[in-house]
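What the coordinates show
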Amino acid sequence: MKKYAYFPGCSLEKMAMSYHLSTLETTRKLGVELKELEDWNCCGATAYFHVDELLAHTLCARNLAIAEKEKLDLVAPCSGCYKNLYFASAHLKKDPDLAEHINIALQEDNLHYSGNVKVQHLIEIFVNDIGLNEIKAKVTQPLRDLRVAPYYGCQILRPKKNDEDVEQPRFFEDLISSIGATPVDFPLKLRCCGGALIITSRTSALSMVRNLLQNAINSGANVIATACPLCQVNLECYQKQINQEFGTELSIPIMYFTQLIGLAFGIPPKNLGVGTELVSTRPVLSYAEK
């Protein structure tokens, strides 16, 4: 059984509970153990790195040090958490002076980070560590004819890491195909959803989300699959406001990729957190019932 330190972050145990539930259900089905990181703390989100970069790195380093102490690699389902943890680890490995300052701070918790933790996004665990063949083997209710727009968002692949293809990635599409669904050609799949811009520039943020939703609908998608709690909130929760603001009639379900995998595995929708959405997923469920 593969085992990882699991960093749910501040979203998954509250507003993104359906992501949390579907993550635990699907990984368990695949023989993967996610051990929640004991006494984890917020990764600092996006804002804190622009307020105090040293302290923001220290927040991430504390989580990394706890995982290292448990001799486990770290998995984060949230794209923002993943980005922060990944690059904090990378910077600490390259900058001895930064590592020294942060490890002095970590001494208060009897922790030390040596850089031995591999940080991965949850979707990387499914695609690379578990593998698509293993996922296919667990499918009992293939989502045939379901057309899915794979929404990567902007933080899984950027900044670029190693030899990643950040312009034309295919791993999300391949994952969708492995459960019997059809990935659509979604040109805006890497475009930012606006993140927290809704707080400071509402019209601009709504315009960005409107473009993403319209592009997915124009591509023939029945549902948009996401891999990030903030992306999910922006794409789903503001559809009504977008229609009011721009006089549109956009309506498309937004689901986490783990929920779609769970449906294909025959896991009851309720166990996956399905049914709590603002935009009904009933049309998607009909494909799992065929």
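Below: a short report on this structure. This one's a predicted model, so the numbers in the text were calculated from it and none came from an experiment. (Residues numbered from 1 in each chain as written. Predicted model: local features only at pLDDT ≥ 70, side-chain atom pairs only at ≥ 80, totals over all residues. Heavy atoms only, no water.)

1. Focus: the state of the cysteines
Filter applied, for reference: Defined by distance alone, a disulfide is two cysteine sulfur atoms within 2.5 Å. Using a 1.4 Å probe on the protein chains alone, a residue whose accessible area is under 20% of its type maximum counts as buried, one over 50% counts as exposed, and one in between counts as partly exposed.
Tallied over the full model, the rule gives zero disulfides. Residue Cys 43 stays outside any disulfide, its sulfur separated by 3.8 Å from that of Cys 81, the closest cysteine. Among the cysteines around Cys 78, which has no disulfide bond, Cys 81 carries the closest sulfur, lying 3.7 Å off. Exposure remark for Cys 78: the relative accessible area of 11% places this residue in the buried category.

2. A closer look at helix H4 (residues 79–94)
As a reminder, the rule being used: Helix and strand assignments come from DSSP, with helices taken as H or I runs of at least 4 residues and strands as E runs of at least 2, each series counted from the N terminus. Under the convention used throughout, the expected extent of a helix is 1.5 Å for every residue step, that is, one less than its residue count. The criterion used for residue contact is that any of the two residues' heavy atoms lie within 4.5 Å.
Between its first and last C-alpha atoms H4 spans 22 Å; for 16 residues at 1.5 Å apiece the expected length is 22 Å, and the two agree. H4 sits mainly inside the fold: twelve of its 16 residues count as buried. Those residues of H4 that are buried are in contact with helix H1 (9–12), helix H3 (53–69), strand E3 (74–76), helix H5 (96–106), strand E4 (119–121) and helix H6 (122–130).

3. Description of the nonpolar core
What counts, and what does not: Only buried Ala, Val, Leu, Ile, Met, Phe, Trp, Tyr and Cys residues count toward a nonpolar core, and they belong to the same one when joined by side-chain atoms within 4.5 Å.
One finds Phe 126, Leu 143, Leu 146, Ile 179, Phe 257 and Leu 260 to be the most contacted residues of the largest nonpolar core, which totals 48 residues. Once you skip the residues sitting within four places of it in the chain, Phe 126 turns out to touch Thr 26, Thr 27, Leu 30, Gly 131, Leu 132, Ile 135, Leu 175, Phe 257, Thr 258 and Ile 261. Counting 29 residues, the second largest nonpolar core, distinct from the first, contains Ala 5, Cys 78, Tyr 82 and Ile 102.

4. Points about the packing of aromatic side chains
The cut-off we apply is this: Only Phe, Tyr and Trp rings take part, Trp by its six-membered ring, and two of them pair if their centres are within 6.5 Å. Stacked means planes under 30 degrees apart, edge-to-face means over 60, and tilted covers everything else. To sit over a ring, a charge needs its Lys NZ or Arg CZ within 6 Å of the ring centre and within 35 degrees of the ring normal.
Counted by the stated rule, this structure contains ten aromatic pairs. Centre to centre, the rings of Tyr 82 and Tyr 86 are 5.9 Å apart; their planes meet at 50°, and the pair counts as tilted. With Tyr 82 and Tyr 86 both in helix H4, this residue pair falls four residues apart, about one helical turn. Here Tyr 82 falls in the buried class, since its relative accessible area comes to 1%. When the ring of Phe 172 is compared with that of Phe 257, the centres are 6.1 Å apart and the planes differ by 80°; the resulting orientation is edge-to-face. Of this pair, Phe 172 sits in helix H8 (residues 171–178) while Phe 257 sits in helix H13 (residues 257–264), and the two are 85 residues apart along the sequence. Ring-pair connections join several aromatic residues into one group, and the members of that group are Tyr 19, Phe 126, Tyr 152, Phe 171, Phe 172, Tyr 256 and Phe 257. For the cation-ring pair, Arg 210 lies above Phe 246, with the distance from its terminal atom to the ring centre recorded as 4.2 Å.

5. Points about the environment of Leu 272
Positionally, Leu 272 belongs in the loop between H13 and helix H14 (282–288). If sequence neighbours within four positions are ignored, Leu 272 has contacts with Ser 18, Leu 21, Ser 22, Glu 25, Thr 258, Gln 259, Gly 262, Leu 263 and Ile 267.

6. What about the sheet that holds strand E5 (residues 147–150)?
Within a beta sheet, neighbouring strands are joined by backbone hydrogen bonds and run either parallel or antiparallel to one another. Operational definition: Strand pairing follows a simple DSSP-based rule, namely that at least 2 bridges must link the two strands.
Strand order in the open sheet formed by four strands is E6-E5-E7-E8, and the pairing between neighbours is parallel. Pairing within the sheet leaves two strands with one partner each, and these edge strands are strand E6 (182–183) and strand E8 (254–256).

7. Details of helix H11 (residues 229–237)
Counting buried positions along H11 yields seven of nine residues, so the element is predominantly enclosed. Looking at the packing, one finds that the buried side of H11 touches H1, helix H2 (17–29), helix H10 (202–218), strand E7 (223–226), helix H12 (239–246) and E8.

8. Regarding the side chain of Asn 63
Along the chain, Asn 63 turns up in helix H3. Overall, the relative accessible area of 0% leaves Asn 63 in the buried class. Among all residues touching Asn 63, those that are not within four sequence positions of it are Phe 7, Leu 37, Trp 40, Asn 41, Cys 42 and Leu 85.

9. Observations regarding the environment of Leu 30
By secondary structure assignment, the location of Leu 30 is in the loop between H2 and strand E2 (32–36). Its relative accessible area of 9% is what places Leu 30 among the buried residues. Measuring from C-alpha to C-alpha, the distance between Leu 30 and Gly 153 comes to 26 Å, with 123 residues separating the pair along the chain. Once residues lying within four places of it in the same chain are set aside, the contact partners of Leu 30 are Phe 126, Ile 130, Glu 134, Ile 135, Lys 138 and Phe 265.

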